[in-house]
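# Summary of the model geometry
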Amino acid sequence: MATDRIICWQDVTPSVNEIAVALADYMGDDIGRVQWNDDSRWYVFLPGESSHPQQRLLPGGPTVTMRIERDFEVVPGSDSLSVITRDQSPLVQAIADGFVKFAVAFWKARLEEEG
C-alpha cells in the first residue's frame, strides 16, 4: 500500500534546486542516497533491507507486506510536492515523514495526506 503525502505550496514555492538541496542535506552523506530520475522525481535509497519491529515478536511477523528495498520517492509539481512510500517499514515511513515535516515548516506549506 502506498502512502502519498502531498505538500501544497502557499506563499513560497521553492525551486526544484532548493528542494534538491534540502533533501540531500536532510539525508546527509551516511543515511542514504538521493537520485534524480528521468521520470521527474527523486528516489531516496536507504541501506539494508526492510524490517519490522513486530517480525520476531509476533508469530508470523507483521501482517503487512513490505518491499525488500528501503526507499521512498519525492515528486515535485508546479504547486505541490509529493512524498511517496510504497509498502515500507515503519523506519522508512518515519524518515519520509520527517522530511515532510521539515518542508511544511520551512516553506510554510500545507499538508494533505492521502492513504
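Just above sits the structure.
Residues numbered from 1 in each chain as written. Predicted model: local features only at pLDDT ≥ 70, side-chain atom pairs only at ≥ 80, totals over all residues. Heavy atoms only, no water.

Another point: the packing of aromatic side chains. Considering all chains together, one arrives at 8 aromatic pairs under this definition. Centre to centre, the rings of Tyr 43 and Phe 45 are 6.2 Å apart; their planes meet at 25°, and the pair counts as stacked. Between Phe 102 and Trp 107 the ring centres are 5.9 Å apart and the planes differ by 70°, which places this aromatic pair in the edge-to-face class. Judged by its relative accessible area of 7%, Trp 107 is buried. Of the aromatic side chains, those joined through ring pairs into one cluster are Trp 9, Tyr 26, Phe 99, Phe 102, Phe 106 and Trp 107. (Phe/Tyr/Trp six-rings, centres within 6.5 Å; stacked < 30°, edge-to-face > 60°. Buried < 20%, exposed > 50% of the residue type's maximum accessible area, 1.4 Å probe, protein only.)

In this section: the pairing of strand β2 (residues 33-37). The pairing of β2 with strand β3 (residues 41-49) spans 5 bridges and is antiparallel. Paired with Trp 36 across the bridge in β3 is Trp 42. The antiparallel hairpin formed by β2 and β3 contains 3 residues in its connecting segment, where Ser 40 sits at a positive phi of about 60°. (Pairing = 2+ DSSP bridges. Helix = DSSP H or I, 4+ residues; strand = E, 2+ residues; numbered from the N terminus.)

Let us now look at the nonpolar core. Core analysis: the biggest nonpolar cluster contains 21 residues, and Ile 7, Phe 72, Val 74 and Val 83 have the highest contact counts within it. Elements represented by at least two residues in this core include exactly α1 (16-27), β3, β4 (69-76), β5 (80-86) and α2 (90-106). Examining the composition of this core, we find that 6 residues originate from one element, α2, more than from any other. (Core = buried A, V, L, I, M, F, W, Y, C linked by side-chain atoms within 4.5 Å.)

Another aspect to go through is α2. Compared with the 24 Å implied by 1.5 Å per residue over 17 residues, the 24 Å span of α2 between its first and last C-alpha is a close match. Buried residues of α2: Val 92, Gln 93, Ile 95, Ala 96, Phe 99, Val 100 and Ala 103, and no others. The buried residues of α2 all sit within an arc of 165° when viewed along its axis, so they share a single face. Within α2, the exposed residues directed more than 90 degrees away from the buried face are Lys 101 and Ala 105. Lys 108 occupies a position one or two residues after α2 and carries a positive phi of about 50°. (Expected span 1.5 Å × (residues − 1). Arc of directions from axis to C-beta.)

Turning our eyes to something else, we now look at the pattern of salt bridges. As enumerated under the stated definition, the model contains 4 salt bridges in all. A salt bridge links Arg 5 to Asp 97; the shortest N-O distance between them is 2.5 Å. Placement of the pair is Arg 5 in strand β1 (residues 2-8) and Asp 97 in helix α2, with a sequence separation of 92 residues. Taking relative accessible area as the criterion, Asp 97 reaches 29% and is therefore assigned partly exposed. For Glu 73, the salt bridge identified is with Arg 41, shortest N-O distance 2.5 Å. Taken together, the residues span a long stretch of sequence, with Glu 73 in strand β4 and Arg 41 in strand β3 at a distance of 32 residues. Across this residue pair, the class does not change: Glu 73 and Arg 41 are buried. Residues participating in the shared-partner salt-bridge network are Arg 41, Glu 73 and Arg 86. (Salt bridge = Lys/Arg side-chain N within 4 Å of Asp/Glu carboxyl O.)

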